[in-house]
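# Topology and contacts: notes
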Amino acid sequence: MNLVGLALRNLKRRPVRTSLSILGIGLAVGSALALIALSRSIKDGTREGMDEIGDDLIVMQKGASDIFGGFIPEQTVERIAAISGIVRVSGELMMFAPSAPDKSVIALGWPDASYLWKKVPLREGRIPQAGERHVAVLGDTAAASLGKKLGDDLDLLGESFRVIGIAGYTTVVNRGMVMVPLADLQEASYRPRQITIVHVNVEHGSGRLDLGPTREAIEALGNVTASTASDVLNNDRNFAILEAVSLAVSIIAVAMSALNVLNALIMATQERTREIGIFAAIGWSEARIMMSIVIEGIMMCAIGCVLGVILSFAAALAFPHIPAIGNLISFKPSVGLIAPVLAAAFALCILGSLFPAWRAVRMLPAEALRRL
Amino acid sequence: MIQLAEGPGVNEPANTAPLIALRGISRIHDGGAIAALRNIDLQIEAGDCVAIVGASGSGKSSMVNLLCGIDYPSTGSVLWQGQAVQTQRSWTRLRRDSIGIVFQEFNLIPTLTVLENVELALLGRGMAAAQRQARAAMVLDRVGLRPRLNHLVTKLSGGERQRVAIARAIVNEPKLLLADEPTGNLDSVSAATVADLLFELSDKTGMTLILVTHDDRLAARCARTIRVRDGVIVGDTRDATASAPIRPAAAS
């Protein structure tokens, strides 16, 4: 018999309460992990998508709150292309566009001559020919999600597009996109001669790539900013809000689980006041008595955390099947994600255990022994 | 083989001070409304066998609680071997190493086995688990519970439970064994067995025994009897013929 054995025996003594407390911790930890992973996965997925496109710089309207939120004139593309050291550029109009009644997709509009068309990893069909209108190339996940195949008609922003190609991108975000000619998307969205971003590739010399001068030259054109994909995402207000909300909800969930432990242990120690008096009467120190109670909290937390991690993995499998957002999510539980959440859960559970433990040893042993 | 030390003062320097003493002790409850003990002076010598007797509510248990530090006096002090015991930590150490307590209600942990209940008193003494278990088993053997080691205490009779409590109280080889109405919840046969066990332990090991009882026959087996009434000591007598011999006849 040791303190761990004693704690285990006490937890088994009230199986329903112990199970419910552990379930509470598990759900809280699972929710926290799922929420944080969700926000991270959307950001990471977008970053991976941008990397797959292969931009060195992305040009946006100065002060735009997010990647969808700024508009720049289409002719800016030519002015950027004229800057020394830039090898290719392409404008892009990007937006969430309604398609089927309850579905929306990320729609991208590219100019006919854009190099981006040539980089599309076609799995089936073809890319639009110069001047061809009302045609679309779908990422394979988007095609599957919308139930479209080559030759089908796709409704986008109230306009009809014929599916002429299916792309086999590797990243989750790109697999869920729909690419159409820029002029069609501008017309359908009432954004004539406007684009949201400019993709920029610069000349890669033999040495380390210094994007600074190119950025300065682009930004000197006025009312635009040039950033790397990472900077774009880090400055994106939507992602910032998503991360803040996820973190706040996670903190609340984990704090609730600590309160759960606190409540369970307060009840347990109140019921066992007499036993705590016995421990004191046989010469257990306050520290030892407190430790025996805190160990109970830690054990509940440990089992709850294991349950939480299992639940988060289950969520990882389930998220991609959520119709509205599933094609944007690539949930990857990692040590870097799980460790801080578990550390926070343990820290809060230990704090939640210390209070009932402290309360228990405050009472005089003689008084504790008089309790029923 | 682990042995309980027998005889008083084994390997210890002589100490002329009483083992434990109460000096001007009062215990007031409810803001002065109830005086459980009033201005008590008492000293107990090492190796003594003392009965504290009195009616219900007379203050006997309050005195025992103060003698083992599970309650604090409102005024006065408790001295252990001449030194005032002033902190909770000091009392905890004394209860761990030098004072064993047997309660009327047994006060065992119901979810644990007989062996585990006794082993609990050895936790925190730096002993390995196997050593703790061997020692607990040896003491339980001594109180006649060897066959019941792995039984839950809830499966035992009252007399057996009290013997577990006695084993737990003596497993640390205390200098002082306090027994608060140890036979109060037992039938007459179990009561006699438990009483015999306590006197035998006191006699063989030389440990000081303070026995709280309202049973005059049990008190008569102690060398010294202290009578308490309304929180005051009203009698303190010594019977040279008692000296805690084992009296098997009591069992019958």
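Quick summary incoming for the structure in this document.

The rules behind each value
- Residues numbered from 1 in each chain as written.
- Chains lettered and ligands numbered in written order.
- Predicted model: local features only at pLDDT ≥ 70, side-chain atom pairs only at ≥ 80, totals over all residues.
- Heavy atoms only, no water.
- Helix = DSSP H or I, 4+ residues; strand = E, 2+ residues; numbered from the N terminus.
- Buried < 20%, exposed > 50% of the residue type's maximum accessible area, 1.4 Å probe, protein only.
- Contact = heavy atoms within 4.5 Å.
- Areas by Shrake-Rupley, 256 points an atom, 1.4 Å probe, with all protein chains shown as cover.
- Pairing = 2+ DSSP bridges.
- Axes fitted to C-alpha atoms, helices over the stretch in contact; angles between N-to-C directions.
- Buried area = accessible area lost by both parts, 1.4 Å probe.
- Salt bridge = Lys/Arg side-chain N within 4 Å of Asp/Glu carboxyl O.
- Polar contact = N/O pair within 3.5 Å; in protein donor to acceptor, adjacent residues only side chain to side chain.
- Core = buried A, V, L, I, M, F, W, Y, C linked by side-chain atoms within 4.5 Å.

Secondary structure summary: chain A contains 14 helices and 12 strands in total. Residue burial in chain A is summarised as follows: out of 372 residues, 50% are buried. A sequence separation of at least 24 residues applies to 78% of the contacts in chain A between residues at least 6 apart. Only carbon and sulfur atoms are counted for the fraction: they give 61% of the accessible area of chain A, which is about 16,600 Å².

Residues and elements named next belong to chain B. Sheet architecture is open: four strands sit in the order β2-β1-β4-β5, paired in antiparallel fashion. A strand with exactly one partner marks an edge of an open sheet, and here the two such strands are β2 (34-44) and β5 (83-84). The pairing of strand β4 (residues 75-80) with β5 spans two bridges and is antiparallel. Across the sheet, the residue bridging to Trp 80 is Gln 83, located in β5. Taken strand by strand, helix α1 (residues 60-67) contacts β1 (20-29), β2 and β4, and its axis lies near 55 degrees from that of β2.

Across the contact, 27 residues belong to chain B and 24 residues belong to chain A. With both sides pooled, the region where chain B packs onto chain A buries about 2,200 Å², and carbon together with sulfur makes up 62% of that total. Area buried by chain B at its contact with chain A is led by B:Ile70, B:Thr111 and B:Leu123, which between them contribute 23% of it. Our count for the contact surface shared by chain B and chain A stands at two salt bridges. Across the pair A:Arg274 and B:Glu105 runs a salt bridge, and its minimum N-O distance is 3.8 Å. The tally of links between chain B and chain A comes to eight residue pairs in polar contact (both at pLDDT 80 or more).

Another point: the nonpolar core. Soluble, globular proteins show a tendency: their nonpolar side chains are buried together. With 123 residues, the main nonpolar core has A:Trp284, B:Met63, B:Ile99, B:Leu120, B:Leu140, B:Ile166 and B:Leu178 as its most contacted residues. Not counting residues within four places of it along the chain, the set of residues in contact with A:Trp284 comprises A:Leu3, A:Leu6, A:Phe279, A:Ile289, A:Ser292, B:Thr92, B:Leu120 and B:Leu123. Residues A:Val59, A:Ala97, A:Leu138 and A:Ile218 belong to the second largest nonpolar core, which totals 35 residues.

Our focus in this paragraph is unusual backbone geometry. Residue and element names in this part refer to chain B. Located in the positive-phi region is Gln 81, a residue other than glycine, with phi close to 50 degrees. A residue is classified by how much of its surface remains accessible, and Gln 81, at 26% relative accessible area, is partly exposed. For Glu 173, which is not a glycine, the phi torsion comes out positive at approximately 50 degrees. Here Glu 173 shows up in the loop between α5 (158-170) and β7 (176-180). In this structure Glu 173 comes out as partly exposed when scored by relative accessible area, which is 30%.

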